[in-house]
Amino acid sequence: MTATPDLTNATPATREWYALPEHIRTAAEAIAGPPRPMTHIEILLAVGMAIANEQETAKRGER
């Protein structure tokens, strides 16, 4: 389990990234690597959100 950093001055993308469930963040990091400067965390967020959307689609049986 990873610790969530202080998000007081974080960008919206950083806040959204840490709002994702840890298992999704872990899967996204396995694909894109760990967080780096903001442009990379935006990529991680996109990958994480795609994983979350795919999981929701699968739960609904749409795929």
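Residues numbered from 1 in each chain as written. Predicted model: local features only at pLDDT ≥ 70, side-chain atom pairs only at ≥ 80, totals over all residues. Heavy atoms only, no water.

## Re the overall build of the chain
Secondary structure assignment for the chain yields three helices and zero strands. Overall, the chain shows an N-to-C arrangement of helices and strands of α-α-α. If you line up the chain on its principal axes, its C-alpha atoms span 40 × 20 × 20 Å. Looking at the chain as a whole, 27% of its 63 residues qualify as buried. Across the chain, contacts joining residues at least 24 apart in sequence account for 37% of those joining residues at least 6 apart. Summed over all atoms, the accessible surface of the chain reaches about 4,300 Å², with 58% contributed by carbon and sulfur. (Helix = DSSP H or I, 4+ residues; strand = E, 2+ residues; numbered from the N terminus. Buried < 20%, exposed > 50% of the residue type's maximum accessible area, 1.4 Å probe, protein only. Contact = heavy atoms within 4.5 Å. Areas by Shrake-Rupley, 256 points an atom, 1.4 Å probe, with all protein chains shown as cover.)

## With respect to the side chain of T14
Relative to the helices and strands, T14 resides in helix α1 (residues 12-19). A distance of 3.0 Å separates the side chain of T14 from the side chain of T11, its partner in a polar contact. (Polar contact = N/O pair within 3.5 Å; in protein donor to acceptor, adjacent residues only side chain to side chain.)

## Brief notes about helix α2 (residues 22-32)
Of all the residues in α2, the buried ones are I24, R25 and A28. Looking straight down α2, one finds that the buried residues subtend no more than 100 degrees of arc, so they occupy a single side. Turned more than 90 degrees off the buried face of α2, the exposed positions are H23 and A30. Where α2 ends, the next residue or the one after it, G33, has phi of about 95 degrees, a positive value. (Arc of directions from axis to C-beta.)

## Some words on the nonpolar core
If you look at the biggest cluster of nonpolar residues, it comprises 10 residues: A13, W17, L20, I24, A28, I41, L44, L45, I51 and A52. At the level of secondary structure, the elements contributing two or more residues to this core comprise α1, α2 and α3 (38-60). Ignoring any residue separated from it by four or fewer positions in sequence, one finds L20 in contact with R25, L45, G48 and M49. (Core = buried A, V, L, I, M, F, W, Y, C linked by side-chain atoms within 4.5 Å.)

## Some details on the confidence of the model for the chain
This prediction gives the chain a mean pLDDT of 84; 90% of its residues lie at or above 70. Mean pLDDT across the elements of the chain bottoms out in α3 (86) and peaks in α2 (91). (pLDDT = per-residue confidence, 0-100.)

## Concerning the pattern of salt bridges
When the charged atoms of two side chains lie near each other, side chains of opposite charge can form a pair. In this structure the tally under the stated criterion is one salt bridge. K59 serves as the salt-bridge partner of E56, at 3.5 Å between the closest nitrogen and oxygen. With E56 and K59 both in helix α3 and three residues apart, this pair spans about one turn of that helix. Taking the relative accessible area as the measure of exposure, E56 reaches 38% and is therefore partly exposed. Overall, K59 belongs to the exposed group, its relative accessible area being 66%. (Salt bridge = Lys/Arg side-chain N within 4 Å of Asp/Glu carboxyl O.)

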